[in-house]
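# An overview of the molecular structure
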Amino acid sequence: MEITRVQRKGVPFYACADPAWAGTAHGFSTRQGGVSPTPWDSLNLGANRGDDLENVAENFRRFCAAVGTDSWALVKNHQVHGDTVRSVTKADCLEGPAAPGTFEADGLVTGQPGVCLTIFSGDCIPVLLYDPAGRVIAAVHAGWRGTAKGAAARGVEAMVQRYGCAPENILAAIGPGIGPCCFETHADVPQGLRARLGREAEPCIRPLAAEGKFSVDLKRANARWLERAGLKGEHIAVCPACTACDRTDFWSHRMQGGQRGSMAAVIQLL
């Protein structure tokens, strides 16, 4: 499986084109195809970035129309870089596309069609999960702290324990995020990964020439967590795009700080 860049209705986004994902509409946004002015130009989907909320609402309408999800059925969290996964239904859909999430969590899971799970990123790793047999979806936001805690694996566990999914049936799409080419860290990030993944963290960590500095591959670490949770390696698609390298298509918190918009990932059962 692979994740590719596609464009519909003038809005580019990334998605997994494999037929196994056909029971969902899903996508990872870029910064292109929206209406927001500088410094949020143009498809800013973050309601807390300082952009006009009507711009955010229109951007969501455009993005969701391109992906094939419903902009009036969004469910969001207030992301806190943890590993809490919240089960949701249509009752949790927000009153409008620009409404912010208030529930403190970094993951969403549902078995109900018509609910559009929504997570945000600006270098962090977005992970979408789908069980085509059990008809259950999940979306997880994993910054380095969430990655170290195994947030992606918590998403799988929620699907298994709350909805009866079999891990070997679950598909995963790991979206655009900062790559090891740009994610240079101090020792705290490798230590965090090693504390939970042990030796399995080592392929994700590369010491750099500068003393006390490391390159860390968060996408690979999330893939490893998913495999530990029972997913088959061939069911995990990883987007190669680095949000810090490509600032034409993406915003990067590490490279731009707070003067930026936010990308989003959405998934909805059809």
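Everything below is about the structure printed above this text.
The text that follows walks through the structure, step by step, so that each part is easy to find. Because the structure is a prediction, the values reported are computed rather than measured.

One turn of the α-helix equals 3.6 residues, which is why residues spaced by three or four share an orientation. The end-to-end C-alpha separation of helix H1 (residues 53–67) is 21 Å, in line with the 21 Å expected for 15 residues at 1.5 Å each. Among the residues making up H1, those that are buried are Asn-55, Val-56, Ala-57, Asn-59, Phe-60, Phe-63, Cys-64, Ala-66 and Val-67. In this fold, the buried residues of H1 make contact with strand E1 (3–8), strand E2 (11–16), strand E3 (24–29), strand E4 (74–75), strand E7 (116–121) and strand E15 (263–269). The N-cap of H1, judged by a side-chain oxygen 2.8 Å from the amide nitrogen of Glu-54 a few residues on, is Asp-52. Just past H1, the residue Gly-68 takes up positive phi, approximately 105°.

Along the chain, the position of Thr-243 falls in the loop between strand E14 (236–238) and helix H6 (253–256). Here Thr-243 falls in the buried class, since its relative accessible area comes to 1%. Engagement of the side chain of Thr-243 in a polar contact is seen with the backbone nitrogen of Ile-178, the distance being 3.1 Å. Not counting residues within four places of it along the chain, the set of residues in contact with Thr-243 comprises Asp-123, Pro-176, Gly-177, Ile-178, Phe-250, Trp-251, Ser-252 and Met-263.

Here we come to the pattern of salt bridges. Pairing is possible between side chains of opposite charge, provided their charged atoms come close. Overall, the coordinates contain twelve salt bridges when judged by the stated rule. Measuring nitrogen to oxygen at the nearest pair gives 3.3 Å for the salt bridge that ties Arg-31 to Asp-41. Residue Arg-31 is located in the loop between E3 and H1, and its partner Asp-41 is located in the loop between E3 and H1; the two are separated by ten residues in the primary sequence. Classification of Asp-41 as partly exposed rests on a relative accessible area of 28%. Arg-224 is the partner of Glu-227 in a salt bridge, and the nearest nitrogen-oxygen pair spans 2.8 Å. Residue Glu-227 and its partner Arg-224 are located together in helix H5 (residues 218–228), separated by three residues, close to a single helical turn.

Residues in a regular strand point their side chains to alternate faces of the sheet. Judged by which residues are buried, strand E6 (residues 107–110) turns out to be covered on both faces: Gly-107 and Val-109 on one side and Leu-108 and Thr-110 on the other are all buried. In terms of strand pairing, strand E5 (residues 85–87) meets E6 through three bridges, oriented parallel. Of the residues in E6, the one forming a bridge with Arg-86 is Leu-108. Bridge count for E6 against strand E9 (residues 136–142) is four bridges, and the pairing is antiparallel. Its bridge partner lying in E9, Thr-110 is registered against Ile-137.

Right, let's talk about the nonpolar core for a bit. In globular proteins that are soluble, nonpolar side chains generally tend to be buried together. Core analysis: the biggest nonpolar cluster contains 40 residues, and Val-127, Leu-129, Met-159 and Leu-226 have the highest contact counts within it. Broken down by secondary-structure element, the contributors of at least two residues to this core are strand E8 (125–131), E9, helix H3 (151–163), strand E10 (171–174), helix H4 (188–197), strand E13 (214–216) and H5. In terms of residue count, the dominant contributor to this core is H3 (six residues). Residues within four places of Val-127 in sequence aside, it is in contact with Ile-119, Ala-138, Ala-139, Val-140, Ala-152, Ala-173, Ile-174, Asn-222 and Leu-226.

Conventions used here
- Residues numbered from 1 in each chain as written.
- Predicted model: local features only at pLDDT ≥ 70, side-chain atom pairs only at ≥ 80, totals over all residues.
- Heavy atoms only, no water.
- Helix = DSSP H or I, 4+ residues; strand = E, 2+ residues; numbered from the N terminus.
- Expected span 1.5 Å × (residues − 1).
- Buried < 20%, exposed > 50% of the residue type's maximum accessible area, 1.4 Å probe, protein only.
- Contact = heavy atoms within 4.5 Å.
- Polar contact = N/O pair within 3.5 Å; in protein donor to acceptor, adjacent residues only side chain to side chain.
- Salt bridge = Lys/Arg side-chain N within 4 Å of Asp/Glu carboxyl O.
- Pairing = 2+ DSSP bridges.
- Core = buried A, V, L, I, M, F, W, Y, C linked by side-chain atoms within 4.5 Å.

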